[in-house]
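Now for the letters of each chain:
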Amino acid sequence: MQLYAFKKTALTLLLTAFGIASFPQSYYSVFVATDRHEKTSNLQDVVTQARDYVVQTYNDSLSAVVHGGDLVGSGGGNNPSGSLNTVNAEFLGKLTNLTNSDIYYTWGSHDANMEKGNTNGYLVSSGVVTRDMSGAVDLDGKAWLWGIDYNEMTNYNTATSGAEAFTNWVNGLPSDDHRAIIIMSHVPMHYRRGDNHGAVPWLTAINAAASDKDIVFLWGHNHTGSTTNDSNHAYVAVGGTVTPEASSSKGEPADGGGPGGGGGTAGTPVTIQFTYMNAGYITTGTIHGWNGSSITVTNDSIIIDNFSTTAKYATRRIGRKDPVPYVETNTFVAGWNWWAPTVATTATALQTALGDLTIEAQDGTTPESLVPGQMYKVHTPEGGTFTLSGTTPESVSYDFGNGPNWFGTTAETNLDDLGITPATGDKIVSQDGGFAVYQNDAWTGTLTTLQPSKGYIYWSAASAR
């Protein structure tokens with residue numbers, strides 16, 4: 001997103017992006033929801049809302065689907081037969097870029113008679129329950145997915161084993177693995193229905209892992225007789241409080257499903273280090289405002305968008321505690337280069353990489369500190385490469401006065417999306433002869449997109465060239 005404002009005497013420009021935008025930023029979007037309960041039309045409607053919004057907003061497609069259990073049934077122990085292939089087809093009908101292997105499920109209390117067909121089957125914790133997808137799933141190298149099924153949250157002993165498997169896996173990740181972790185559990189951890197006796201071991205394990213990992217925990221199941229306590233736990237941000245079900249029972253609830261209308265026993269409230277959220281119930285009206293959600297993982301943030309069957313409900317942006325370091329290699333040709341760093345660096349570091357060189361700022365000085373988004377003219381006799389690493393700023397700002405203004409962007413920026421009202425005759429030029437002129441209420445010319453690391457000059461129509 002780019003935001004601009006005008007002053008009377010100068011053009012003030014503020015570029016704000018979700019990190020580094022399309023370059024070098026990486027977007028990876030996943031659709032999540034729970035409790036289909038045979039509501040095919042609801043499923044397709046909310047998926048359509050998420051799909052269209054993600055494409056329009058992040059220029060990305062939904063790359064995976066995670067459904068948190070209870071695909072069929074209508075309550076009261078109703079566990080009809082069915083097939084995951086049928087549900088897969090519903091998702092694939094709206095998300096044509098997916099394959100069967102991009103759709104994942106956790107097992108819910110009504111899914112006992114669901115045929116798995118040629119799908120991935122169900123996600124469970126490694127070494128706990130034998131289904132099809134045990135342990136962590138690598139989502140295209142962009143994020144991790146972990147599934148907790150009904151039994152692994154309702155049975156204390158099974159939960160303890162599952163939480164231990166999760167802890168061992170997290171502790172075994174290499175130090176340079178910065179992927180976010182998405183956890184889908186059919187049953188929540190907060191108290192209410194009295195059937196989640198494994199909440200405390202899971203909450204303890206996940207909170208410990210979240211001390212230095214970015215984790216989003218998703219839950220469903222509680223749409224029947226939803227209470228204020230469910231609403232209070234519909235979305236809990238990092239630093240908020242979750243009150244788990246007390247582990248007074250060491251086994252699974254006698255009825256296998258827990259009371260639908262309440263009866264949970266509150267444990268000790270815990271301040272969480274991760275995001276705790278209802279994924280969205282497909283089966284019913286918008287209990288918490290949404291029926292499904294998209295989770296978009298970027299280098300330095302996690303963006304959660306919640307959707308009803310007819311509209312977007314909310315956007316929640318989470319700054320990452322474990323961002324993916326940005327690494328960029330810049331190529332300099334022999335001679336002059338218009339260059340705008342995307343990460344803060346120094347002239348000394350640049351000279352170490354390139355050898356003898358000349359650096360000029362717009363004011364004619366030779367700066368030591370090189371600022372992201374500012375353009376510098378760099379002259380090197382032989383050319384070479386310079387690798388930048390670090391974290392790009394969330395925003396960069398400039399004051400454009402009359403005359404030429406040297407600038408660059410930390411994000412790939414389409415001129416049609418600048419969001420400004422420039423004067424007729426304003427012009428942007430690049431070193432390679434690209435140009436854009438603002439006339440007839442539009443930018444025209446050969447320059448349509450501003451690229452990170454490239455330098456540009458903005459000419460105000462009021463300036464004397």
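Check the entry above for the structure.
A short tour of the structure in this document, coming up. The shown structure was predicted, so the numbers you read here are calculated from the model rather than taken from an experiment.

Conventions adopted
Counting from 1, residues in each chain are numbered in the order their sequence is written. For this predicted model, a pLDDT threshold of at least 70 governs which residues receive local features, and a threshold of 80 or more governs which side-chain atom pairs are given and counted, while totals over whole chains, interfaces and linings are taken from all residues. Computation of side-chain values covers all heavy atoms of the structure but excludes hydrogens and water. Here the term buried applies to any residue with accessible area under 20% of the maximum for its type, exposed to any over 50%, and partly exposed to those in between, with areas from a 1.4 Å probe on protein chains only. The numbering of helices and of strands both runs from the N terminus, where a helix is a DSSP run of H or I of at least 4 residues and a strand a run of E of at least 2. Strands are treated as partners if at least two bridges between them are detected by DSSP. In what follows, residue pairs with any heavy atoms lying within 4.5 Å of each other are defined as contacts. Orientation is described by axes fitted as lines to C-alpha atoms, over the contacting stretch for helices, and by angles from 0 to 180 degrees between their N-to-C directions. Helices are assigned an expected span. That span is 1.5 Å times one less than the residue count. Should an angle lie under 35 degrees it is considered roughly parallel, over 145 roughly antiparallel, and from 65 to 115 roughly perpendicular; all remaining angles are considered oblique. When residues are grouped by polarity, Ala, Val, Leu, Ile, Met, Phe, Trp, Tyr, Cys and Pro land in nonpolar, Asp, Glu, Lys and Arg in charged, and all others, Gly among them, in polar.

Considering the pairing of strand S22 (residues 335–340)
Within a regular beta strand, the side chains point alternately toward one face of the sheet and then the other, so they alternate between its two faces. Most of S22 sits inside the fold, with five of its six residues counted as buried. Examined bridge by bridge, S22 and strand S26 (residues 376–380) share five bridges and lie antiparallel to one another. Bridging from a neighbouring strand, tryptophan 336 pairs with histidine 379 of S26. Looking at chain direction, S22 and strand S35 (residues 453–454) are connected through two bridges and run antiparallel. Considered in S35, the bridge of tryptophan 339 is made with lysine 454.

Observations concerning unusual backbone geometry
Despite not being glycine, glutamate 38 shows a phi value in the positive range, around 70°. Within the secondary structure layout, glutamate 38 lies in the loop between strand S3 (28–33) and helix H1 (40–58). A positive phi angle, close to 55°, is found at asparagine 440, a residue other than glycine. By the secondary structure assignment, asparagine 440 is in the loop between strand S32 (435–439) and strand S33 (442–444). For asparagine 440, a relative accessible area of 73% translates into the label exposed.

A few points about the environment of proline 201
Relative to the assigned elements, proline 201 resides in helix H5 (residues 199–209). The spatial distance from the C-alpha of proline 201 to the C-alpha of threonine 160 is 5.6 Å, given a sequence separation of 41 residues. Other than its neighbours up to four places away in sequence, proline 201 contacts Tyr156, Ala159, Thr160, Ala163 and Ser247.

Regarding the sheet that holds strand S12 (residues 180–185)
Ordered in space as S10-S11-S12-S13-S17-S14, the six strands form an open sheet in which the pairing is mixed. The sheet terminates laterally at strand S10 (137–139) and strand S14 (235–236), the two strands that pair on one side only. Running at roughly 155° to strand S13 (residues 215–219), H5 makes contact with strand S11 (143–148), S12 and S13 of the sheet.

As for H1
It helps to recall that an α-helix has 3.6 residues per turn; residues three or four apart then point in one direction. Between its first and last C-alpha, H1 extends 27 Å over 19 residues, near the 27 Å set by a 1.5 Å rise per residue. Of the residues making up H1, those classed as buried are Asn42, Leu43, Val46, Val47, Thr48, Ala50, Val54 and Tyr58. The inward-facing, buried residues of H1 contact S3, strand S4 (62–67), helix H2 (84–94), strand S18 (292–297) and strand S19 (301–307). Backbone geometry just after H1 places asparagine 59 at a positive phi near 50°.

Description of the sheet that holds strand S36 (residues 456–459)
Spatial strand order, S29-S36-S31-S32-S33: five strands in an open sheet with antiparallel pairing. At either margin of the open sheet sits one strand with a lone partner, and together these are strand S29 (404–407) and S33. Direction aside, the axes of adjacent strands within the sheet are offset by 25° on average.

Digging into the packing of helix H4 (residues 156–171) against H5
Interhelical geometry of H4 versus H5 gives an angle of 10° and a closest axis separation of 8 Å. If you check the angle between H4 and H5, you find them roughly parallel. The segment H4 lies against H5, with Tyr156, Ala159, Thr160, Gly162, Ala163, Phe166, Thr167 and Val170 engaging Pro201, Trp202, Ala205, Ile206 and Ala209. A class-by-class count of the residues in the contact of H4 with H5 yields 10 nonpolar, three polar and no charged.

Geometry only, nothing functional implied.
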